[in-house]
Amino acid sequence: MRLHNVSGDEKMKLPTCILVALAAVWQYGRLDASCLATHIVNAALYGNVGIPGTPEWHDYPPSLPTNTFPDMFPPDVGYPGPTAPGAEPGVAATAPAYPMHSGSAHLVAPPTFAKGKGKATPRDVKFDLFRSLGSLSPWYSVEQGKFGIDSSPEAPDACRITGVHLLHRHGARYPADVSSTSGPPGFALRLRDHAGNFTASGPLSFLNDWTYKLGQEGLTPFGRAQLFDLGVSMRMRYGFLLKNFTESNILPVFRTESQNRMLASAQNFALGFFGYPFEDQYQQVITIESQGFNNTLAPYRTCANNGDPHKGWRGGRPKNKWIGIYLQKALRRLQKHVSGMDLTFADLFAMQEICAFETVALGFSKFCELFTEKEWEGFDYAYDIDMWYGVSFGSPLARAQGIGYVQELVSRLTETPIETHNSSTNATLHNPVTFPFGHSLYVDATHEVVVLNVLTALNLSGFAATGPLPSDYIPEDRSFRTAELASFSTNIQFQLLACNSEPGPQIRVIVNDGVVPLHVLRGCPENAHGMCSVDAFVNAQKETIGSTDWAFACLGDWEVPEAWNTTVGYPDWI
């Protein structure tokens, strides 16, 4: 759809309806198509559509299509032909190798990057932008041994997989708030505010007629594909576990929460895992994500201190310091091609974010070619800083916010109800129907910040081995990278095994196909395949649960000491 000016007749239709439509645009990032056509509202809001940064939103499907005849298009006409199910796949249990997720299908990388001195990666390693976008990166299988265990996710010799608990992030999404004055929508607003004066040339010339095409918070088409693909992948790897449900005459129970992208992610995962129709093949718990509702998949909603920028999301200040360092040359280079507007570091960082968001939303972005490989490495690290201090090992709240999910994991592993709900767990939903025990497969959908909360609460300190992240340079071989841990559709597999070589059931933690060392936990010995006995793993987690005061961390009246740092995600100065 091409935007155009409002005609005289269309202007006559605006007064009554426009207020409703404008409110919808700013509150929800979408339009009431039954009230007003999208192009009319765009034009009414921003006048001449030649203004750079003008929003361009396509509201599909139409609210009242004229060619719908349900009786003429039945979903099933019979005559299906003979069918019979085959054996369930089980690549993780039977194959000699493991299928790794290495590419980003449907996405187009920039043909070139800006020229600059220095390489972002060693010269023998090809730079991959899609692995350098922090938590905005699409998920990929990390290199074997990356986390310190030189083993792959398939069952080790003499072992068989008996169960899997899967925790995954939602798929690629649009930015959070279309009415924001910062980030991608803030940059678009800045361009509109400088309308009439702004002119771009050279590599930025596309900005002269660039429109803001990003929606708000929902899954992108690529994000839907990610979750469908993840579902297919997990069925291929662990489909054989469904035999346990058939033999017990029960259905799996998966969990997600009520945000649009969360429910859509769970549904697309189910479509990939079970196929269509999936409604009678599993049961979906939908927890409420909102203030006042306990929810381990969105624990920040009941953690009041998370709303205090001096306690929760402490990464802003060190991140901004780093942005002012790594984008200095880019600011001078790009300002030469802009007149009528002084670019800022915030503008350039927003442009890098637009590259990431446009790529996963539209498939390609011109913004990506504006920066050097080294500047993209700087962007990647900026997200590491933000997440480290905001929601992970460097945050005083991370462990408390993740401890509820750890309590649930221990409850499932031991088939023992939680006795005292003293964190973000929801006692109402902890019943045999919506929180069953004894299943061989569990799937929970959440956000990237919660994935990092959980990794912190599990005390998987290998990810914090290189210590707090500096804000003035990128440390070599850092152990904490959000692109590896918290990407779009990131996933943690808690893999349960029975091994001839080990007494009792074993557990492994696998993050994006990388096996995580568990010998950092008390009672877990070093193991070539990253295994630990379930008993020892549970005891280590119970120790952490017992030493975590959720009420104090999330509701207590305390201040972070000056220059305080941590690698355990907890207010440990107390």
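Structural data are supplied above this passage.
What you are looking at is a predicted structure, and each value in this text was computed from that prediction instead of being measured.

Participant: Lay out the state of the cysteines with the relevant residues and their values.
Facilitator: Applying the stated rule across the entire model yields four disulfides. A sulfur-sulfur distance of 2.0 Å marks the disulfide that ties Cys-355 to Cys-368. Classification of the bridge connecting Cys-355 and Cys-368 rests on its S-S torsion, roughly 95°, and on that basis the disulfide is right-handed. In this pair, Cys-355 sits in helix 11 (residues 345-362) while Cys-368 sits in the loop between helix 11 and helix 12 (373-391), placing the two residues 13 residues apart along the sequence. Given a relative accessible area of 1%, Cys-355 falls into the buried group. For Cys-368, a relative accessible area of 2% corresponds to the buried category.

Participant: I'd love a proper account of the packing of helix 13 (residues 398-414) against helix 16 (residues 534-546), names of residues and values included.
Facilitator: Where helix 13 meets helix 16, the closest approach of the two axes is 10 Å, and the angle between their N-to-C directions is 145°. For the element pair helix 13 and helix 16, the recorded crossing hand is left-handed. For the pair helix 13 and helix 16, contact is made by Arg-399, Ile-403, Val-406, Gln-407, Leu-409, Val-410, Leu-413 and Thr-414 and by Phe-537, Val-538, Gln-541, Lys-542, Thr-544 and Ile-545, respectively. Tallied by class, residues from the contact of helix 13 with helix 16 come to eight nonpolar, four polar and two charged.

Participant: Please set out a nonpolar patch on the surface residue by residue, giving values where relevant.
Facilitator: A cluster of nonpolar side chains, Phe-69, Met-72 and Phe-73, forms an exposed patch at the surface whose accessible area comes to about 400 Å². Checked against the element boundaries, Phe-73 lands in the loop between strand 1 (54-55) and helix 4 (91-94).

Participant: Just give me the short version of helix 14 (residues 448-457), but keep the residues and values in it.
Facilitator: With respect to burial, helix 14 is a largely interior element, ten of its ten residues being buried. Those residues of helix 14 that fall on the buried side of the exposure criterion are Glu-448, Val-449, Val-450, Val-451, Leu-452, Asn-453, Val-454, Leu-455, Thr-456 and Ala-457. Positive backbone phi, approximately 65°, marks Asn-459, located one or two places after helix 14.

The rules behind the values
- Within any chain, residue numbers begin from 1 and follow the written order of that chain's sequence.
- Given that the model is predicted, a residue must reach a pLDDT of at least 70 before its local features are reported, and side-chain atom pairs must reach 80 or more before they are shown or counted; all residues, however, enter totals for whole chains, interfaces and linings.
- The side-chain values count all of the structure's non-hydrogen atoms but skip hydrogen atoms and water molecules.
- Disulfides are defined in this document as cysteine sulfur pairs within 2.5 Å.
- Helix and strand definitions follow DSSP, with helices as H or I runs of at least four residues and strands as E runs of at least two, each counted in order from the N terminus.
- Partly exposed residues are those whose accessible area sits between 20% and 50% of the maximum for their type, while under 20% is buried and over 50% is exposed, using a 1.4 Å probe and protein chains only.
- Only C-alpha atoms enter the line fits that serve as axes; for helices the fit covers just the stretch in contact. Angles between N-to-C directions range over 0 to 180 degrees.
- Should the near helix be turned anticlockwise from the far one by less than a right angle, the crossing is termed left-handed; should it be turned clockwise, right-handed.
- Here a residue-residue contact requires only that any non-hydrogen atoms of the pair lie within 4.5 Å.
- Basically, the charged four are Asp, Glu, Lys and Arg, the nonpolar ten are Ala, Val, Leu, Ile, Met, Phe, Trp, Tyr, Cys and Pro, and anything else, Gly included, counts as polar.
- Each patch groups residues whose relative accessible area exceeds 30% and which form no salt bridge, using 9 Å between like charges and 5 Å between nonpolar side chains of Val, Leu, Ile, Met, Phe, Trp and Tyr.
- With residues, only the protein chains shown are counted as cover, and all accessible areas are computed by Shrake-Rupley using a 1.4 Å probe.
- Take a side-chain nitrogen of Lys or Arg and a carboxyl oxygen of Asp or Glu: if they are within 4 Å of each other, that pair is a salt bridge.

So, to be careful, I would describe these as geometric facts and stop short of saying anything about function.
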